[in-house]
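Structure at a glance
These are the residues of each chain, in order.
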Amino acid sequence: MLRNFARIAGGIALALALSGDPAAAAGDRITVASKIDTEGALLGNMILAVLEHAGLPVENRLQLGPTKIVRTALTSGAIDLYPEYTGNAGFFFGVDSDPAWKNADAAYRKAAELDKANNIVWLKPAPANNTWAIAVRKDLADKNHLATLDDFGTWVAGGASVKLAGSAEFVESPAALPSFQDAYGFKLTADQLLVLSGGDTAATEKAAAEGTSGVNAAMAYGTDGQLAALNLVVLADTKGVQAVYQPAPTVRAETLAKYPQIRDLLEPVFASLSLETLQTLNSKIAVEGEDARKVATDYLTEKGFLK
């Protein structure tokens, strides 16, 4: 997502992205791209497989690069379609402080409305929120009846023995842990925090799963693949503290007008992708080492999207 993508020096990747494909530029193919991360590969392969199965002419540009690269390629017309997150539209248009981003329906409507100026259409998103979250070990959640951050706040405020691993950004940024603490009425002291360098949720979640230095809670992203494998539970943000990041296909309006069946093909697929489903599928790729294309096609076949 936009919040933690790496900058690429030299502009080489950007030049490649913007060079496009001659056939796509001529309108002969639907150029499908994705971000370079695990979930980008999964969702991109789903889009590609469904369109291919329907007999549409596609060009594979999956795992093209981080957010800035892929978004620029879409707005320039170098690609036609890729999966994006609703909350990122707030950063694209410089209105990330708008409270609309903290409500799933409002975030989707606002993203779709803002991008009309770029002739880009947002198809309906998946009912899964890949945003900043707090996860705890499942045994701890079960024992203490922790399902939401309301439960967690009450538990911590009551003197529970908790230690959370997070990045410096998560711990210090007003939009992250401090906002959770303010909303849910708890406060973690310095000795209840393990601050790890970088923003890798794989490291924070592993620390919680393994009890490193007494850690039993972690900074996470909602659909992280390793959560299920590490037996961690994401606590629900019932008060909408964080912006909503639901994945949705974004497509050039010109391309959608030429191939209107794209909407009917992709929206049911994304509607099937719950938080738990994406966690499980991402885990197959990130933890079990399965090929993203195989994971995508196996799921689509199982659900009847591919015959």
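This section reports on the structure supplied with the text. (Residues numbered from 1 in each chain as written. Predicted model: local features only at pLDDT ≥ 70, side-chain atom pairs only at ≥ 80, totals over all residues. Heavy atoms only, no water.)

Along the polypeptide, D224 turns up in the loop between β8 (217-221) and α12 (226-229). A relative accessible area of 11% places D224 in the buried class. Of the polar contacts made by the side chain of D224, one reaches the side chain of T201; its length is 2.8 Å. Setting aside anything within four residues of it in sequence, one finds D224 in contact with N130, T201, E205 and Q279. (Helix = DSSP H or I, 4+ residues; strand = E, 2+ residues; numbered from the N terminus. Buried < 20%, exposed > 50% of the residue type's maximum accessible area, 1.4 Å probe, protein only. Polar contact = N/O pair within 3.5 Å; in protein donor to acceptor, adjacent residues only side chain to side chain. Contact = heavy atoms within 4.5 Å.)

Attention shifts here to the packing of helix α3 (residues 38-53) against helix α16 (residues 292-302). Orientation of α3 relative to α16, taken along the N-to-C sense of each, is 55°, at an axis distance of 8 Å. Taken together, the axes of α3 and α16 are oblique relative to one another. When you trace α3 past α16, the crossing you get is right-handed. Contacts between α3 and α16 involve A41, L42, N45, M46, L48, A49, V50 and E52 from the first element and A292, R293, V295, A296, T297, Y299 and L300 from the second. Residues that form the contact of α3 with α16 fall into these classes: 11 nonpolar, 2 polar and 2 charged. (Axes fitted to C-alpha atoms, helices over the stretch in contact; angles between N-to-C directions. Parallel < 35°, antiparallel > 145°, perpendicular 65-115°, else oblique. Left-handed = near helix turned anticlockwise from the far one by under 90°. Nonpolar A, V, L, I, M, F, W, Y, C, P; charged D, E, K, R; others polar.)

Time to look at the pairing of strand β6 (residues 164-167). Burial along β6 is two-sided: L164 and G166 and A165 and S167, pointing in opposite directions, are all buried. Of the strand pairs in this sheet, β6 and strand β7 (residues 193-196) are connected by 4 bridges, and their pairing is parallel. Across the sheet, the residue bridging to A165 is L194, located in β7. By the bridge criterion, 2 bridges tie β6 to β8 in an arrangement that is parallel. The residue bridging A165 from the neighbouring strand is A218, located in β8. (Pairing = 2+ DSSP bridges.)

Right, let's talk about the packing of aromatic side chains for a bit. The tally for this structure, following the rule as stated, stands at 4 aromatic pairs. Considering the side-chain rings of W132 and F170, the 5.8 Å spacing of their centres and the 65° angle between planes classify their relative orientation as edge-to-face. Taken together, the residues W132 in strand β5 (residues 132-137) and F170 in helix α9 (residues 168-172) connect sequence positions 38 residues apart. Assigned by exposure class, W132 and F170 land together as buried. Their ring planes at 50° and their centres at 6.0 Å tell us that F152 and W155 sit as a pair that is tilted. (Phe/Tyr/Trp six-rings, centres within 6.5 Å; stacked < 30°, edge-to-face > 60°.)

Most of strand β3 (residues 81-85) is tucked away, with 5 of its 5 residues classed as buried. Because side chains alternate across β3, one face comprises the buried residues L81, P83 and Y85, and the other comprises Y82 and E84, equally buried. Relative to strand β10 (residues 247-252), β3 runs antiparallel, the two being bridged by 5 bridges. Each bridged residue has a counterpart across the sheet, and for Y85 the counterpart in β10 is P247.

Bringing the packing of α3 against helix α15 (residues 275-286) into the picture now. In contact at an axis separation of 9 Å, α3 and α15 are set at 105° when each is read in the N-to-C sense. One way to sum up the angle between α3 and α15 is to call them roughly perpendicular. For the pair α3 and α15, contact is made by T38, E39, L42, L43 and M46 and by L278, L281, N282, I285 and A286, respectively. A breakdown of the residues in the contact of α3 with α15 according to their chemical character gives 7 nonpolar, 2 polar and 1 charged.

Before going further, it helps to spend a moment on the environment of L74. With respect to the helices and strands, L74 occurs in helix α4 (residues 67-76). Judged by its relative accessible area of 1%, L74 falls in the buried class. Sequence separation between L74 and D224 is 150 residues; the distance between their C-alpha atoms is 25 Å. In contact with L74, other than residues within four places in its own chain, are I79, D80, L81, Y82, I120, T250 and R252.

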